[in-house]
Amino acid sequence: MKRVFTSLFTVTTLLCMVACGGSQAELPDYLNPKKDIEVRIDDAMSRMTLDEKIAIIHAQSKFSSAGVPRLGIPELWTTDGPHGIRPEVLWDEWVQAGWTNDFCVAFPALTALAATWNTEMSALYGKSIGEEARYREKDVLLGPGVNIYRSPLGGRNFEYMGEDPYLASRMVVPYVQQVQKIGVATCVKHYALNNAETFRHTTEPVVDDRTLYEIYLPAFKAAVIEGGSWSIMGAYNLFRGEHACHNDLLLNKILKEEWGFDGAVISDWGGTHDTREAIKNGLDLEFGTWTDGLTMGKTNSYDLYHLADAYKKLIESGEFTTKELDDKVRRVLRLMYRTSMKADKPNGALVSDEHIAAAYTIGAEGIVLLKNEKNLLPIDLSKTKTIAVIGENAIKMMTIGGGSSSLKVKKEVNPLEGLRKRVGKDVEILYARGYVGDTTSVYKRVDSGQRLADDRSEKELIAEAVEVAKRADVVLMFGGLNKAKKQDCESTDRAELGLPYGQDQLIAALTEVTDNLIYINISGNAVAMPWIDSVPAIVQGWYLGSEAGNSLAAVLVGDVNPSGKLPFTFPVQLADTGAHSMGEFSKDGEEHYGEGLLVGYRWNDAKDIDPLFAFGHGLSYTTFEYGEATVSRKKMSRDGSVTVTVPVTNTGKRQGKEIVQLYITDCQASVMRPVKELKGFAKVDLAPGQTKKVKFEITAEHLSFFDDKQHAWVAEPGEFEALIGAASDDIRTAVSFTLK
Ligand code: GLC
């Protein structure tokens, strides 16, 4: 400890001298914020001992790695998660430390952000969560997650941005840029092919190069190249014989060579399994290793990590030089100079009004109106006396649980509270539980304070709900999933597409007594709706975080006109998905992604299967009309572009936003290509009667597929079609052109 003080004293003195403008010695480069980062790294490295180099490339506690105390270089602190800043945990534990100053704002789950199809929302999200991380003095945010939604059973889909690589690629970039603007690194995850949970440590996805490059890599590539993410997290699974956390193909060849990634590769917690592979195959910072393999290991075993004593021994034995070590140290120091050592670090903010407003705004903009017969929605409060609210998901806290994205919030407004607050005294709101699902309320010692135990029988619960529904003008049922195991939860996948806890029976009983049932699905995944024809209005309500109830109430009563669209397909049944009819899902060992490129709507198009609700589907309280698409030229040169223009008009009575989607069809491909692929979208805000000309510039990049023989993106000459639609199953106009 004394050593630490001496060195810190030295550094402090040096800094004071310079601060006072003293003519004494200039600050050494590694401490001089005026010097270029690369110069500072070189200087720091020249001063570091072997032990100090080894120390900074692996964890020293559950979520931190060492600095260089002797040189006054601070520790590096990471934090979960993608939706908000995890409460402080004990040094070497997963459980919270019980601080009283680490309550946060829970922002909407990333599927809800993706559902906004609005990159401005993504920027607002990144800015807000970045400020919370900075205030909590965290240097690396372990998020966002951008794994592709391959199956509606995927346990962590709620943390990701849907089934389409183009949508996820566009939405992840502003989030990364804004978080990093404040000097916090993003750690985009889980790279790559972590699309299932139950066997995530031992599964080995099998995909060909075209599927890898066209479906599963683009969002990571965008986050790294356009977003400039300063770190990336290796996934648990294996790929082509090596764990993703030390995988030569994924980390050295693709990430660092092809994409030019200059940041640090951080392992998932417990994702490192082999010392020599960890040295050679691109891992830079090892976290969470359990020293006796993948079972829960000893505590404070940090010297036993692969990139710790074991590595040092291999250098001392001469099996390895310091070549790989120096690259790892350089990357970790670069991460530090961008974050912990950043000179003009702003303070950030925690649970500010702006962050609460951001959670509300993003949430309201992500809600998707799936069905609205008889214009049941928005609820007209002037004509409504009594509203029945049914369902556990109207009251259950959803910011707790679900795995590492679990949070300790300052406040979470649930749907029932949000409605009560919004409608006030004018309207009576009745409540009935309807069903009992997950009654746990504690996760890693974070206690929601809710006591949800209820030993009534299903029959009694349904009877009570029916009685309440009979007395109401409008019945709102909040159902769906939750953050319990086998629901929307890390480390387990769902067992079925259908709603759990007997909700289907409840809905059937409710439709017997009311024609005005509105079902709000609180989930991060698609669910089966066998009762769809008897429910006139359906809303996808997501996990919206701290402001959930306020965002939902605003849309349900019409303060906000819903403008979200689905970032993934709702299949009628599992067999209607590629993963479950042609692939394997959630398997130990080899897991064949037999559907290949045909993920989500690509499968529906290929097999001509109608979805329950399509990718890109979402209604509004107004209506929009699309005019004829025109193209700037019929022949496009290889390095040129064409502009497709389509007039969109708000033909309804109220302002609304419309997400106009551009899909491309390659009419003369020499290889199998999906029928159409999303290659553009624009969200336009239109007043009643207003028309805007929406323009899409199309370049060869939008027309390309990945040619695994040439190992390059290729746009073949020939005819293409630009399809403009309000959803993937709702193409309004099309225009063709030729690539020369
Ligand atoms: C978990 C998750 C990862 C998380 C990390 C730290 O196992 O896979 O997303 O950031 O460990 O909690």
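All of these numbers come straight from a predicted model, not from anything done at the bench.

**Regarding the overall build of the protein**
And then number 1: Helices and strands together make up the secondary structure of the protein, namely 20 helices and 29 strands.
And then number 2: For the protein, whose C-alpha radius of gyration is 26 Å, the value lies close to the compact-globule estimate of 27 Å for 740 residues.
And then number 3: Expressed as a percentage of the 740 residues in the protein, the buried residues total 64%.
And then number 4: Pairs at least 24 apart in sequence give 76% of the contacts found in the protein among residues at least 6 apart.

**Some words on the confidence of the model for the protein**
And then number 1: In the predicted model, the protein carries a mean pLDDT of 95, and the fraction of residues at 70 or more is 95%.
And then number 2: The model gives residues 1-7 a pLDDT under 50, and that stretch makes 4 contacts with residues more than four places away or in other chains.

**Structural notes on the pairing of strand β11 (residues 386-390)**
And then number 1: In terms of burial, β11 is a largely internal element, 5 of the 5 residues being buried.
And then number 2: Judged by which residues are buried, β11 turns out to be covered on both faces: T386, A388 and I390 on one side and I387 and V389 on the other are all buried.
And then number 3: Taken together, the 5 bridges between β11 and strand β12 (residues 428-432) define a ladder with parallel strand orientation. From the neighbouring strand, I390 faces β12, where its bridge partner is A432.
And then number 4: Where the polypeptide runs from β11 across helix α14 (residues 415-423) and back to β12, its parallel neighbour, the crossover connection is right-handed.
And then number 5: The sheet contact formed by β11 and strand β15 (residues 474-480) spans 4 bridges and is parallel. Directly across from I387, in β15, lies its bridge partner V474.

**Considerations on the site of the ligand**
And then number 1: The ligand sits among 15 residues. The nearest are D80, K189, H190, Y236 and D268.
And then number 2: The contact in question runs from an oxygen atom of the ligand to an N or O atom on the side chain of R200, over 3.3 Å.
And then number 3: Between the ligand and the protein, one listed contact pairs an oxygen atom with a side-chain N or O atom of Y236 at 2.6 Å.
And then number 4: Isolated, the ligand exposes 310 Å² of accessible area, and the fraction of that covered by the protein chains is 97%.

**What to know about the pattern of salt bridges**
And then number 1: Across all of its chains, the model carries 52 salt bridges by this definition.
And then number 2: Across the pair R602 and D164 runs a salt bridge whose closest N-O atoms are separated by 3.0 Å. With R602 in helix α19 (residues 601-607) and D164 in the loop between β3 (140-141) and α6 (165-181), this pair connects stretches of sequence that are 438 residues apart. In terms of burial, R602 and D164 fall into one category: buried.
And then number 3: A salt bridge links K256 to D284, with the nearest nitrogen and oxygen atoms 2.9 Å apart. Note that K256 is positioned in helix α9 (residues 248-258) and D284 in the loop between α10 (275-280) and α11 (306-316), a separation of 28 residues in sequence. Like D284, K256 is buried.

**Remarks on the nonpolar core**
And then number 1: Residues I73, Y191 and L333 are the most contacted members of the largest nonpolar core, which totals 115 residues.
And then number 2: Counting residues per element, this core draws most heavily on α6, which supplies 8 residues.
And then number 3: Once residues within four sequence positions are removed from consideration, I73 is found in contact with Y30, A44, G67, V68, L333, M336, Y337 and M341.

**Some words on the packing of aromatic side chains**
When we look at a pair of aromatic rings, we describe it by the centre distance and by the angle of the planes.
And then number 1: Scanning all chains against the criterion turns up 25 aromatic pairs.
And then number 2: Between the aromatic rings of Y191 and F220, the centroid separation amounts to 5.2 Å while the plane-to-plane angle is 70 degrees, which identifies the pairing as edge-to-face. Within this pair, whereas Y191 is found in strand β4 (residues 185-191), its partner F220 is found in helix α8 (residues 218-225), the two being separated by 29 residues in sequence.
And then number 3: Residue classification places Y191 among the buried positions, given a relative accessible area of 0%.
And then number 4: A ring pair is formed by Y601 and Y663, whose centres lie 5.7 Å apart and whose planes are at 80 degrees; its orientation type is edge-to-face.

**Some details on the packing of α14 against helix α17 (residues 548-557)**
And then number 1: Orientation of α14 relative to α17, taken along the N-to-C sense of each, is 55 degrees, at an axis distance of 7 Å. The angle between the axes of α14 and α17 places the two elements in the oblique class. Seen along the crossing, α14 lies across α17 with a hand that is right-handed. Facing P415, G418, L419, K421, R422 and V423 of α14, the residues of α17 in contact are G549, N550, L552, A553 and V557.
And then number 2: Within the contact of α14 with α17, the residues separate by chemical class into 6 nonpolar, 3 polar and 2 charged.

**Some details on α11**
Residues lying three or four places apart along an α-helix face the same way, a consequence of the helix completing one turn every 3.6 residues.
And then number 1: Among the residues of α11, those classed as buried are H306, L307, A308, Y311, L314 and I315. In an axial view of α11, the angular spread of the buried residues amounts to 165 degrees, which keeps them on one side of the axis. Every exposed residue of α11 that faces more than 90 degrees away from the buried side is listed here: K313 and E316.
And then number 2: Tucked into the core, α11 has its buried residues touching α3 (50-55), α10 and α12 (323-338).
And then number 3: Just past α11, the residue G318 takes up positive phi, approximately 90 degrees.

**Structural notes on the domain arrangement of the protein**
And then number 1: The domain architecture assigned to the protein consists of domain 1 (48-85 + 100-338), domain 2 (361-603) and domain 3 (622-739).
And then number 2: A straight line from the C-alpha centre of domain 1 to that of domain 3 covers 34 Å.
And then number 3: Taken together, the contact between domain 1 and domain 3 spans 15 residues of the former and 16 residues of the latter.
And then number 4: Surface buried jointly by domain 1 and domain 3 totals about 1,500 Å² across both partners, of which 61% is contributed by carbon and sulfur atoms.
And then number 5: Considering only the side of domain 1, the residues that lose the most area to domain 3 are W117, Y166 and R210, jointly responsible for 49% of the buried surface there.
And then number 6: Taken together, the links from domain 1 to domain 3 amount to 0 salt bridges.
And then number 7: Elements with a contribution of two residues or more to the side of domain 1 that touches domain 3: α4 (110-116), α6 and α7 (209-216).
And then number 8: In the side of domain 1 that touches domain 3, the residues fall into 6 nonpolar, 2 polar and 7 charged.

The rules behind the values
Residue numbers run consecutively from 1 along every chain, following the written order of its sequence. Reporting in this predicted model follows two pLDDT cut-offs: at least 70 for local features of residues, and 80 or more for side-chain atom pairs to be given and counted; totals over whole chains, interfaces and linings ignore these cut-offs and use all residues. Here the side-chain values reflect all heavy atoms present in the structure, with hydrogen atoms and water set aside. Helix numbering and strand numbering both begin at the N terminus, where a helix is a DSSP run of H or I of at least 4 residues and a strand a DSSP run of E of at least 2. Our radius of gyration looks at C-alpha atoms and nothing else; its globule reference is 2.2 Å times the residue count to the power 0.38. Note on classification: 1.4 Å probe, protein chains only; a residue is buried when its accessible area is under 20% of the maximum for its type, exposed when over 50%, partly exposed between these limits. When checking whether two residues touch, look at their non-hydrogen atoms; a contact exists if any pair is within 4.5 Å. A residue's pLDDT is simply how confident the predictor is in it, with values from 0 to 100. Between any two strands, pairing holds if DSSP finds at least two bridges. Consider the strands pointing away from the viewer: the crossover is right-handed when the path from the first strand over the helix to the second runs clockwise. Think of it this way: one heavy atom of a residue within 4 Å of a molecule or strand is enough to make that residue near it. Polar contacts, as counted here, are pairs of nitrogen or oxygen atoms within 3.5 Å of one another; within protein the pair requires one atom able to donate a hydrogen and one able to accept it, and residues that are adjacent in sequence qualify only if both atoms are side-chain atoms. Only the protein chains shown count as cover for residues, and all accessible areas are computed by the Shrake-Rupley method using a 1.4 Å probe. By definition here, a salt bridge exists when the distance from a side-chain nitrogen of Lys or Arg to a carboxyl oxygen of Asp or Glu is within 4 Å. Residues grouped as a nonpolar core are buried Ala, Val, Leu, Ile, Met, Phe, Trp, Tyr and Cys residues, joined through side-chain atoms within 4.5 Å. For this analysis, a ring pair means two rings from Phe, Tyr or Trp (six-membered ring only for Trp) whose centres lie within 6.5 Å, classed as stacked if their planes differ by under 30 degrees, edge-to-face if by over 60, and tilted for the remaining angles. Under this scheme, a helix contributes an axis fitted over its contacting stretch, all axes are lines through C-alpha atoms, and angles between N-to-C directions fall in the 0 to 180 degree range. For this classification, under 35 degrees means roughly parallel, over 145 means roughly antiparallel, 65 to 115 means roughly perpendicular, and everything else is oblique. Crossing handedness: left-handed means the near helix sits turned counterclockwise from the far one by under a right angle, and right-handed means the same turn made clockwise. Throughout, the ten residues Ala, Val, Leu, Ile, Met, Phe, Trp, Tyr, Cys and Pro are labelled nonpolar, Asp, Glu, Lys and Arg are labelled charged, and all others, Gly among them, are labelled polar. Arc definition: directions from the helix axis to the C-beta atoms. How far each domain reaches was decided by an automatic or database domain assignment. Buried area is a sum: the accessible area each of two parts loses on coming together, probed at 1.4 Å, counted once for each and added.

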